[in-house]
Amino acid sequence: MTATGAARVAAMRQRYAFILLGGVQTTLIFTLAALAIPLPLIGRDLGLRRADLILLSAAYGLTFAGLLLFGGRLADRYGGRRALTAGLVLFAAASAAAPLAPGIGTLLAARFTQGAGAALIAPAAMALLRAVFPSPPAYGRAMATWGGLSVLGATAGNLLSGVISALLSWRWTFAVPLVVAFAALPLTFRLLPDITPSRGRALDLPGALLATAGITLASYGLVVTDTLPWSSAGVLVPLLCGAALLAAFRYAERRARDPLLPPRFLLDRRRVLALAAIALSSCGTALTFVVLSLHLQQARDWSQLRTSAAFVPFAVALIASGRAAGPLIGRYGARTVTAAGLCTGAGGLALLALTGIDAHISYGYGLLPGLVLLPAGTAASFAGAAVLATEGVPQQQTGLAGGVLNTAMEFGPTVLFAILLTLGSDAWSLAATGAGLALVALLNHRVK
């Protein structure tokens, strides 16, 4: 084979490997969002209370976010392909059990297990992405595209789950992650490299336990504020215990020989701002889908199918912006694209806060402009922030970088989402998220 032919084959293999990893990453976020629209149907079918539905909605995200840092360490310690395979098996098993669940207990267990599998998959996928694209320019271009996949997954989850549950049943929404996991397992060994594991690294089990328990308890305490007052024991106990465990985690990491999350990793201000941009952008997307889905179905009496169709322009703008983000980052730089995306997303949220939840204003005038500006901005900000968050990370910490990036992604739709919903009205929640995006854009522009 000539040198040109070998280069062509290598490029094709890289492309297929990226499609595989990107499809898996998109599916993880699809699964996070897949129950948002059919949640009322699940409640009626299983006879669930509102508190049960809140816990069911959050179950996947709680274990996903809580175990991500440990998942990143496992990927670095044992190799990305091995961690990805283990995560896919766990994810597939839980996705097969979920649609067969006779009641809330089995369904909750399946969602928690799905989240645990996802916490292994996400950082392992990023570690493998670095191995597939070893040169910094190629890796930067790959990360620019990778950054928009999570918003795409969330959008697909909300759109397709409404269509599937309306035409078939909410149980069929679990077919998507199951099919993807089964298809990805054999392709993993054919397309992805076997990364040499970092055998010299300790697992830091005390740090993993403290971080997992702290993040999970604190997130749960914030999630249940939707049904319980802030002063209740059901909120205060998990919040305070979670905060205490996270403080203990920070102390333990300073003394650990090989910490789970090295303190220096978050000393880079550009990385911290990039993670804040990811958290707020994911929060804005989740908040918009939940608020507008409820508004359209309750205030305007729209069907699930019509509600899903209302978000089609959102998906189109998201895909168009995601495709344009990579070339724009190459031309103007990740910081500029991130700041511009944050400002555009802030404008979209401001419009939705002003006109989007007024039932007397038409869809075309009140909702459509915000549903185009918000995804255009968040896709660009995700792409740029993903590049900034992983810039300068050494090869042996790519699993850690993946865990931290995905933790920020989960922090938005869980912790920030729960806090913002307590502001008194949907309009204030949307406006406050938009203000947060604008503030991070300003700080991102000023920090060198």
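What you see as residue numbers is a count from 1 along each chain, following the sequence as written. Whole-chain, interface and lining totals are the exception, using all residues; otherwise, since this is a predicted model, local features are given only for residues with pLDDT of at least 70 and side-chain atom pairs are given and counted only at 80 or more. Excluding hydrogens and water, the side-chain figures rest on all heavy atoms present in the structure.

Chemist: Looking at this structure, how should I read the overall build of the protein?
Modeler: Of regular secondary structure, the protein possesses 16 helices and zero strands. Only C-alpha atoms enter the radius of gyration, while the globule expectation follows 2.2 Å times N to the 0.38, with N the number of residues. Computed over C-alpha atoms, the radius of gyration of the protein comes to 21 Å, within 12% of the 22 Å expected from 2.2 N^0.38 for 448 residues, which places it in the range of a compact globule. Across its three principal directions, the C-alpha atoms of the protein cover 65 × 45 × 45 Å. The buried share among the 448 residues of the protein stands at 56%. Between two residues, a contact is recorded if the distance between any of their heavy atoms is within 4.5 Å. Across the protein, the fraction of contacts at a sequence separation of at least 24, relative to all contacts at a separation of at least 6, is 85%. Only four residue types enter the charge count, namely Lys and Arg as positive and Asp and Glu as negative; His and the chain termini do not. Throughout, a charge is located at the NZ atom of Lys, the CZ atom of Arg, the CG atom of Asp or the CD atom of Glu. On the protein, the mean spot of the 32 positive side-chain charges and the mean spot of the 14 negative ones are 11 Å from each other. A run of H or I in DSSP becomes a helix once it reaches four residues, and a run of E becomes a strand once it reaches two; helices and strands are each numbered from the N terminus. Exposed residues in this analysis have more than 50% of their type's maximum accessible area, buried residues have under 20%, and partly exposed residues fall in between, with area computed by a 1.4 Å probe over protein chains only.

Chemist: What am I meant to see in the packing of helix 5 (residues 104-132) against helix 6 (residues 136-167) here?
Modeler: Think of two packed helices as two axes; the pair is described by the angle between the axes and how far apart they sit. Fitted lines through C-alpha atoms serve as axes, helices being fitted only where they are in contact, and the angles separating the N-to-C directions of these axes extend from 0 to 180 degrees. In contact at an axis separation of 9 Å, helix 5 and helix 6 are set at 145° when each is read in the N-to-C sense. Crossing geometry of helix 5 relative to helix 6 is assigned as right-handed. For the pair helix 5 and helix 6, the contacting residues are Ala125, Met126, Leu129 and Arg130 in the first and Tyr139, Ala142, Met143 and Trp146 in the second. Taken together, the residues of the contact of helix 5 with helix 6 sort by class into seven nonpolar, no polar and one charged. Throughout, a crossing is termed right-handed when the near helix is turned clockwise from the far one, and left-handed when it is turned anticlockwise from it by less than a right angle. By the convention adopted, Pro, Cys, Tyr, Trp, Phe, Met, Ile, Leu, Val and Ala count as nonpolar, Lys, Arg, Asp and Glu as charged, and the other residues, Gly among them, as polar.

Chemist: What should I look at first to understand helix 9 (residues 233-255) in this one?
Modeler: Residue pairs three or four apart in sequence face the same way in an α-helix, which turns once every 3.6 residues. Here, expected helix span is obtained from the residue count minus one, scaled by 1.5 Å. Here helix 9 spans 33 Å end to end across 23 residues, near enough to the 33 Å set by a 1.5 Å rise per residue. Val235, Pro238, Leu239, Gly242, Phe249 and Glu253 are the residues of helix 9 that are buried.

Chemist: Honestly, the environment of Ile121 in this entry has me stumped. Any pointers?
Modeler: Within the fold, Ile121 resides in helix 5. Note on Ile121: relative accessible area 0%, which makes it buried. Separated by 31 residues in sequence, Ile121 and Leu152 have C-alpha atoms that sit 18 Å apart.

Chemist: Which parts of the structure should I look at to understand the state of the cysteines?
Modeler: Each disulfide is one covalent bond, formed between the sulfur atoms of two cysteines. The disulfide criterion is simple: two cysteine sulfur atoms within 2.5 Å. If you walk through the whole model with that rule in mind, you get zero disulfides. Left unpaired, Cys343 is separated from the closest cysteine sulfur, that of Cys283, by 17 Å.

Chemist: So what exactly am I meant to see when it comes to the nonpolar core here?
Modeler: In summary, soluble globular proteins display a tendency toward joint burial of nonpolar side chains. By convention a nonpolar core is built from buried Ala, Val, Leu, Ile, Met, Phe, Trp, Tyr and Cys residues, the set being connected through side-chain atoms within 4.5 Å. Core analysis: the biggest nonpolar cluster contains 107 residues, and Phe64, Leu129, Met143 and Trp146 have the highest contact counts within it. Membership of the second largest hydrophobic core comes to 16 residues, among which are Leu35, Ala101, Leu107 and Leu108.

Chemist: Sorry if this is basic, but what is going on with the packing of helix 12 (residues 312-332) against helix 14 (residues 363-390) here?
Modeler: Remark: helix 12 packs on helix 14, axes separated minimally by 8 Å, with the N-to-C direction vectors making an angle of 30°. Relative to helix 14, helix 12 is oriented so that their crossing is right-handed. Classifying every residue of the contact of helix 12 with helix 14 gives 17 nonpolar, four polar and no charged.

Chemist: Would you explain the packing of aromatic side chains in this entry?
Modeler: Remark: the centre distance and the inter-plane angle together describe each pair of aromatic rings, the angle taken between the planes. Two aromatic rings, drawn from Phe, Tyr or Trp (for Trp, its six-membered ring), form a pair once their centres lie within 6.5 Å of each other, and the interplanar angle then sorts them: stacked below 30 degrees, edge-to-face above 60, tilted otherwise. Under the criterion given, the structure shown has three aromatic pairs. Relative to Phe133, the ring of Phe18 lies with its centre 6.2 Å away and its plane at 75°, an arrangement referred to as edge-to-face. Here Phe18, found in helix 1 (residues 3-33), pairs with Phe133, found in the loop between helix 5 and helix 6; they are 115 residues apart in sequence, far enough to count as distant. Residue classification places Phe133 among the buried positions, given a relative accessible area of 11%. Its guanidinium or amino end placed over the ring of Trp302, Arg306 lies 3.9 Å from that ring's centre, counting from NZ or CZ. We call a charge positioned over a ring when the NZ of a Lys or the CZ of an Arg lies within 6 Å of the ring centre and within 35 degrees of the ring normal.

Chemist: Just to check I follow, could you spell out the environment of Leu128 for this structure?
Modeler: Structurally, Leu128 can be placed in helix 5. Residue classification places Leu128 among the buried residues on the basis of a relative accessible area of 0%.

Chemist: Looking at this structure, how should I read the confidence of the model for the protein?
Modeler: Note that predicted coordinates carrying low pLDDT should not be read in detail. Taken over all residues, the pLDDT of the protein has a mean of 81, while the share at 70 or more is 92%. Scored from 0 to 100, pLDDT reflects the predictor's confidence in each residue. Element-level mean pLDDT values for the protein span from 73 in helix 15 (residues 398-420) up to 91 in helix 4 (residues 80-97).

Chemist: Please explain the side chain of Gln114 as it appears in this structure.
Modeler: By the element assignment, Gln114 lies in helix 5. Judged by relative accessible area, which is 0%, Gln114 ranks as buried. As used in this structure description, the phrase polar contact means that two N or O atoms lie within 3.5 Å; if the pair is within protein, one of them must be able to donate a hydrogen and the other to accept it, and residues adjacent in sequence are counted only when both atoms belong to side chains. A distance of 3.2 Å separates the side chain of Gln114 from the side chain of Arg111, its partner in a polar contact. With residues up to four places along the chain from it excluded, the contact list for Gln114 reads Thr31, Tyr60, Phe91, Ala94, Ser95, Phe174 and Pro177.

Chemist: Is there a simple way to think about a nonpolar patch on the surface in this case?
Modeler: The grouping of Leu167, Leu168, Trp172 and Leu305 at the surface amounts to a nonpolar patch, some 460 Å² of accessible area in total. Considering the arrangement of structural elements, one finds Leu305 in helix 11 (residues 304-310). Residue classification places Leu305 among the partly exposed positions, given a relative accessible area of 39%. Patch criteria: residues need more than 30% relative accessible area and no salt bridge. Like-charged residues are merged within 9 Å; nonpolar side chains of Val, Leu, Ile, Met, Phe, Trp and Tyr are merged within 5 Å. Surface accessibility in these figures is a Shrake-Rupley result with a 1.4 Å probe; residues are shielded only by whichever protein chains are displayed. When a carboxyl oxygen of Asp or Glu is within 4 Å of a side-chain nitrogen of Lys or Arg, the pair counts as a salt bridge.

Chemist: When you look at the side chain of Thr433 in this model, what are you seeing that I'm missing?
Modeler: Along the polypeptide, Thr433 turns up in helix 16 (residues 426-446). On the basis of relative accessible area, Thr433 is assigned to the buried category, the value being 1%. Within the structure, Thr433 has its side chain in polar contact with the backbone oxygen of Ser429 (distance 2.8 Å).

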